[in-house]
Amino acid sequence: MDDQFERPYVEKYRPETLEDVVGNFIILKSFFRQQVCNRLTQSNCEVWKYAESHFSCKFQVRLTIIQGPPGTGKTSSVMCMARQMLKDCVKTAVLELNASDDRGIDVVRDKIKGFAHQKVTVPTGMHKLIILDEGDAMTESAQQALRMIMTEYSSTTRFAIACNDSAKIIEPIQSRCAIVRFTKLSDEEVVERLQVVMERENIEHTNDGIEALVFTADGDMRYALNNLQATFAGFSMVNKENVFKVCDQPHPELMGNVLKACLTAKFSEACALIDTVFTQGYNLIDIINTLTKIMQTMSEIKSEEMRLNYLREASIIKMKTLEGNNSQLQLHGFLANLCQLSVQPNKVK
Ligand SMILES: Nc1ncnc2c1ncn2[C@@H]1O[C@H](COP(=O)(O)OP(=O)(O)OP(=O)(O)O)[C@@H](O)[C@H]1O
Ligand SMILES: [Mg+2]
């Protein structure tokens, strides 16, 4: 079988340059020492092209913590930044450690300190770069050891720490770094990248197929690409039906019907529908997450007040479920509350 076909899209289409990274533009811009330009109306691609041609030697990373949800391009952006910043020296001037490496204190003492101490030729005005991917997985003692190294070698070495949760990075490191926070990608940004991949792979698709991919991805580009590849590999056609067969989430149409039943206070109908989903083996969190996503945009919910009340109920049941109360009865109680809100909109507990 063709090797290229076998490669996961997430790796095959890992951004090579910052132009390929969608979303989080303003945040990415803060990597720059120079303010690139304020042409925010232009697409990322155009602005990066402009930036590189005008400020090619000014790409700069400070001591930075890059925090954000999974699959939003943190690792990819840092790697692109390193390649564009250090050009031919990238192999020698960058040390990348991720969660697959040991993250204890020995690694900090040996590998990181050793690299920081080492003399490496870099372009004028540039610094060596140590990328600590999944930095929140580092042990506390390793982080404690790191803080001194960061200060000691700050004139020659820069650090970029990527993580999902910056609260797991100890305070002294946080205070040494600028924290840039990536957000989930918007639907348009996910579509923008999906379209590039679908065009290059020549994937037959329908608009509702793309919408389904975006819906299931919920701002996670990695998830969107994996689902795209799985759907295409399984069915050779990306449409709504196929995407939902592959993604194995509660079907949004069915969940939409549950909400419609609640909006008209048809409690038994809502329960019957949700029971069919429950017996298909989905857990409560899957169900609540899908319901929440639908509530946010559902046009049948006429007033914003009602939408807020519904979302409030969803957050309460999610909290209870995470505490361990995950029975079908909880779910029915939740639906009962939604029905009651439809009858008495002002009855907020
Ligand atoms: N903003 C983006 N633009 C283009 N592709 C992206 C973007 N974000 C993620 N991807 C795709 O998803 C894959 C994974 O991205 P990446 O490893 O950068 O995510 P991450 O934010 O570091 O996630 P994690 O928190 O799980 O480490 C990339 O190989 C790329 O194909
Ligand atoms: Mg990463």
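Below or above, wherever it landed, is the structure these notes cover. Please read all numbers here as calculations on a predicted model, not as lab measurements.

1. As for the packing of helix α11 (residues 207–217) against helix α12 (residues 221–235)
For step 1, the next point in the chain: Axis separation between α11 and α12 bottoms out at 8 Å; the angle between their running directions is 135 degrees. As the angle between them shows, α11 and α12 are arranged oblique. Crossing angle aside, the handedness with which α11 passes α12 is right-handed. Contacts from Leu 213, Thr 216 and Ala 217 of α11 reach α12 at Tyr 223, Ala 224, Asn 227 and Leu 228.
For step 2, the next point in the chain: Each residue belonging to the contact of α11 with α12 can be placed in one class, and the counts come to five nonpolar, two polar and no charged.

2. With respect to α11
For step 1, the next point in the chain: Buried residues of α11: Gly 209, Ile 210, Ala 212, Leu 213, Val 214, Thr 216 and Ala 217, and no others.
For step 2, the next point in the chain: Elements that come into contact with the buried residues of α11 comprise α10 (187–201), α12, α13 (240–247) and α16 (284–297).
For step 3, the next point in the chain: Phi turns positive one or two residues past the end of α11, at Asp 218, with a value near 50 degrees.

3. Quick notes on the nonpolar core
For step 1, the next point in the chain: Ranked by internal contacts, the top residues of the largest apolar core, which has 30 residues, are Leu 259, Ile 274, Ile 287, Tyr 310, Phe 334, Leu 335 and Leu 338.
For step 2, the next point in the chain: Within the residue set of this core, elements represented by two or more residues are α14 (252–263), α15 (267–279), α16, α17 (304–322) and α18 (328–343).
For step 3, the next point in the chain: When neighbours within four sequence positions are excluded, Tyr 310 is seen to be in contact with Leu 259, Cys 262, Leu 263, Met 295, Ile 301, Leu 338, Leu 341 and Ser 342.

4. A short note on α10
For step 1, the next point in the chain: End to end, α10 covers 21 Å across 15 residues, agreeing with the expected 21 Å (1.5 Å per residue, within 8%).
For step 2, the next point in the chain: Restricting attention to buried positions, one finds in α10 the residues Val 190, Arg 193, Leu 194, Val 197, Met 198 and Glu 201. Buried residues of α10 fall within an arc of 140 degrees about the axis and therefore sit on the same side. Of the exposed residues in α10, those oriented more than 90 degrees away from the buried face are Glu 188, Glu 199 and Arg 200.
For step 3, the next point in the chain: Directly beyond the C-terminal end of α10, a positive phi value near 55 degrees is found at Asn 202.

5. Some details on the site of ligand 1
For step 1, the next point in the chain: Around ligand 1, 21 residues are found, and the nearest of them are Val 10, Val 22, Lys 74, Thr 75 and Ser 76.
For step 2, the next point in the chain: The separation between an oxygen atom of ligand 1 and a polar main-chain atom of Gly 71 is 3.0 Å.
For step 3, the next point in the chain: A distance of 2.5 Å is found between an oxygen atom of ligand 1 and a side-chain nitrogen or oxygen belonging to Ser 76.
For step 4, the next point in the chain: Within the complex, 96% of the 630 Å² of free accessible area of ligand 1 lies under protein.
For step 5, the next point in the chain: When grouped by side-chain class, the residues that make up the shell around ligand 1 number nine nonpolar, six polar and six charged.
For step 6, the next point in the chain: When residues of the shell around ligand 1 are assigned to domains, at least three map to each of domain 1 (3–181) and domain 2 (187–247).

6. Some points on the environment of Ala 212
For step 1, the next point in the chain: One can find Ala 212 in helix α11.
For step 2, the next point in the chain: The exposure class of Ala 212 is buried, given its relative accessible area of 3%.
For step 3, the next point in the chain: Considering only alpha carbons, one finds Ala 212 and Lys 240, 28 residues apart in sequence, at a separation of 5.5 Å.

7. Focus: the side chain of Lys 128
For step 1, the next point in the chain: Topologically, Lys 128 is positioned in strand β3 (residues 128–132).
For step 2, the next point in the chain: Of note is the side chain of Lys 128, whose polar atom sits 3.0 Å from the backbone oxygen of Phe 115.
For step 3, the next point in the chain: In terms of polar contacts, Lys 128 uses its side chain to reach the backbone carbonyl oxygen of Gln 118, at 2.6 Å.
For step 4, the next point in the chain: Discounting residues that sit within four places of it in the chain, Lys 128 has contacts with Ala 93, Phe 115, Ala 116, His 117, Gln 118, Val 120, Val 122, Thr 156, Thr 157 and Arg 158.

Here is what the cut-offs are and how they apply
- Residues numbered from 1 in each chain as written.
- Chains lettered and ligands numbered in written order.
- Predicted model: local features only at pLDDT ≥ 70, side-chain atom pairs only at ≥ 80, totals over all residues.
- Heavy atoms only, no water.
- Axes fitted to C-alpha atoms, helices over the stretch in contact; angles between N-to-C directions.
- Helix = DSSP H or I, 4+ residues; strand = E, 2+ residues; numbered from the N terminus.
- Parallel < 35°, antiparallel > 145°, perpendicular 65-115°, else oblique.
- Left-handed = near helix turned anticlockwise from the far one by under 90°.
- Contact = heavy atoms within 4.5 Å.
- Nonpolar A, V, L, I, M, F, W, Y, C, P; charged D, E, K, R; others polar.
- Buried < 20%, exposed > 50% of the residue type's maximum accessible area, 1.4 Å probe, protein only.
- Core = buried A, V, L, I, M, F, W, Y, C linked by side-chain atoms within 4.5 Å.
- Expected span 1.5 Å × (residues − 1).
- Arc of directions from axis to C-beta.
- Near = heavy atom within 4 Å.
- Polar contact = N/O pair within 3.5 Å; in protein donor to acceptor, adjacent residues only side chain to side chain.
- Areas by Shrake-Rupley, 256 points an atom, 1.4 Å probe, with all protein chains shown as cover.
- Domains from an automatic or database assignment.

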